[in-house]
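Residues per chain, in single letters:
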Amino acid sequence: MASSKNLFTRAKKIIPSGINSPVRYYPPYPFFVKKAKGSVMWDVDGKNYLDYCNAYGALLLGHRPKEIIADVKKQMDRGTLYCAPTELEVNLSELISGNYPSMEKIRLVNTGSEATMTAIRLARGFTKKKKIIKFEGCYHGAHDYVLVKAGSGAAHIGMSVSEGSLDEVSKNTLVVQYNNFHELQSLLEQDDDIAAVIVEPVLANMGLVLPEKDFLNDMRKITLEKNIVLIFDEVVTGFRMSPGGAQKYFSIKPDVTTLGKALGNGFPIAAVGGKTEIMDMLSPEGKVYQASTYAGNPISVSAGISSVKTMNKLKSKLYPKLEKNCANLVSAIHDLASDMKIPHRINSISSMFQIFFTDDAVVDYSSAKKSDMIKFKKLFEGLLKNGVFIAPSQFETVFLSYAHSKDDLKETIAAYEKALQVVKQ
Ligand SMILES: Cc1ncc(COP(=O)(O)O)c(C=O)c1O
């Protein structure tokens, strides 16, 4: 079989940058995967890795959970795409709403990006207002409404992070610092053309940043007072923080929720749902347009049903195990780094964590940017060399899965020890 190096040379000639999503690249070239099972991925070069990237959080149950694979195989014998409704879609929507009571009505889509795009369009259609507010460092997918960072000139006015996007679109996305309620409040006092506030209730796309006490509650209160649609983007936190996501974990009810990733545990499916009066704006009965050939396809929907049923069935073991393993791992890594006198902070919650090489607390984009990226690169490379794969960026999160065993954790701690020794140099 071809080596990763050879495959990357071929890939570069036919695929822009050699990869199909930017964060998958790291120098000199990424390993190419041969197969995966449970907590492990094997590459084409004969190496294997304990996987803590976990498809950026999608694989809550690990690679190839047997219940889901069996259900998908059964569905494959019945058809893969009908573009006509099925009982499966009704079943999955009922299951999701059972776990997420704020999602009174649901549309199934394919990706998190589609879900957030639809949520925002719905909020604009519902409120008849134009602008939205997002928080700096939150990621909500690769479309123009949200691919926006804080503008340097005018405070709050967003600038696209991508060439090819329209300023006319990004200037309607206002950007506020995460955990800065006063900034949010003063913006809402000044501007009465805000349709929605969209937020990752726990920010998992800037490393990991936790909401400070009352931040989400205050956001809920003010958006209710001002009739602004509050969108919880739970593409990462959904099913990961609890069977009912971050909204259950923090007891906050958003108006609209987006789910993805763990909803399908490795199959492409996402959902957007919320209050009936908002969701009923969707066409054909409503005037907000949303459509997709593959939305609700029976393969992904079967995977979704199987995932939700499995996560619900396992919940009394699943969440305590994930939380305990994560807490143990974080405390071991913290001890190692402290013993080696490496300045660091670790943010963690439920089954997610990230280390930042900095002396200061990481609470928002500016504080996350202060951490030492060269040290992080050394950590990533050291872990990879020692058989542990995490996402190759400081601005991503380490995700545990149900498949990680006690032995895996021991191996992981040993790998962190070796990698931190290199960081220290
Ligand atoms: C919080 C959040 N929202 C939305 C998305 C976009 O999801 P997708 O990549 O499935 O389009 C992501 C992807 O990482 C995400 O982390």
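Just so you know, these numbers come straight off a predicted model, no measurement behind them. (Residues numbered from 1 in each chain as written. Predicted model: local features only at pLDDT ≥ 70, side-chain atom pairs only at ≥ 80, totals over all residues. Heavy atoms only, no water.)

(A) Quick look at the overall build of the protein chain. Each helix and strand in the protein chain was counted, giving 14 helices and 16 strands. Taken over the C-alpha trace, the protein chain has a radius of gyration of 21 Å; the compact-globule value for 425 residues is 22 Å, and the two agree within 12%. Per-residue burial over the protein chain gives 56% buried out of 425 residues. Look at the contacts in the protein chain between residues 6 or more apart in sequence, and 70% of them connect residues 24 or more apart. In the protein chain, 53 positive and 45 negative side-chain charges are present, and the distance between their average locations comes to 6 Å. (Helix = DSSP H or I, 4+ residues; strand = E, 2+ residues; numbered from the N terminus. Rg over C-alpha atoms; globule rule 2.2 N^0.38 Å. Buried < 20%, exposed > 50% of the residue type's maximum accessible area, 1.4 Å probe, protein only. Contact = heavy atoms within 4.5 Å. Lys, Arg positive; Asp, Glu negative; His and termini not counted. Charge placed at Lys NZ, Arg CZ, Asp CG, Glu CD.)

(B) Molecular detail of the site of the ligand. Thr 111, Gly 112, Ser 113, Tyr 139, His 140, Gly 141, Glu 200, Asn 205, Asp 233, Val 235, Val 236 and Lys 261 make up every residue found near the ligand. Within the contact set of the ligand, an oxygen atom lies 2.9 Å away from a backbone nitrogen or oxygen of Gly 112. In this structure, Asn 205 approaches the ligand through a side-chain N or O atom, which is 3.0 Å from an oxygen atom. Along the lines of polarity and charge, the residues of the shell around the ligand split into three nonpolar, six polar and three charged. (Near = heavy atom within 4 Å. Polar contact = N/O pair within 3.5 Å; in protein donor to acceptor, adjacent residues only side chain to side chain. Nonpolar A, V, L, I, M, F, W, Y, C, P; charged D, E, K, R; others polar.)

(C) Region of the structure containing the domain arrangement of the protein chain. Each domain of the protein chain was delimited in the assignment, giving domain 1 (4-64 + 315-424) and domain 2 (66-311). Each of domain 1 and domain 2 has a C-alpha centre, and the two are 25 Å apart. Across the boundary between the two partners, domain 1 contributes 33 residues, which contact 32 residues of domain 2. It is Tyr 319, Ile 349 and Tyr 365 in domain 1 that bury the most area against domain 2; as a group they hold 22% of the surface buried on that side. Counting every contact that joins domain 1 to domain 2 gives 15 residue pairs in polar contact (both at pLDDT 80 or more). For the side of domain 1 that touches domain 2, the elements supplying multiple residues, two or more each, are helix H2 (54-57), helix H11 (298-339), strand S13 (345-349), strand S14 (352-356) and helix H12 (365-369). (Domains from an automatic or database assignment. Buried area = accessible area lost by both parts, 1.4 Å probe.)

(D) The side chain of Ser 302, seen in detail. With respect to the element layout, Ser 302 can be found in helix H11. Beyond its immediate stretch of four places on either side in the chain, Ser 302 contacts Asp 71, Gln 75 and Leu 88.

(E) The nonpolar core, seen in detail. Ranked by internal contacts, the top residues of the largest apolar core, which has 66 residues, are Ile 96, Phe 353, Leu 379 and Leu 420. In terms of residue count, the dominant contributor to this core is H11 (16 residues). Built from parts of two domains, this core gets at least three residues from each of domain 1 (4-64 + 315-424) and domain 2 (66-311). In contact with Leu 420, other than residues within four places in its own chain, are Ile 333, Leu 336, Ala 337, Met 340, Ile 342, Phe 357 and Leu 379. Core analysis: the second largest hydrophobic core is formed by 27 residues, Cys 138, Leu 184, Leu 188 and Ala 368 among them. (Core = buried A, V, L, I, M, F, W, Y, C linked by side-chain atoms within 4.5 Å.)

(F) How the structure looks around the sheet that holds strand S15 (residues 388-389). Read from one edge of the open sheet, four strands run S1-S2-S3-S15, paired in mixed fashion. Looking at strand neighbours, the two that pair on one side only are strand S1 (33-37) and S15, the edges of this open sheet. (Pairing = 2+ DSSP bridges.)

(G) Just the pairing of strand S8 (residues 173-176), in detail. Across the two faces of S8 the burial is the same, with Thr 173 and Val 175 and Leu 174 and Val 176 all buried. Both strand S5 (residues 131-135) and S8 contribute to a ladder of four bridges, which runs parallel. Pairing of Lys 134 across the sheet is with Val 175, part of S8.

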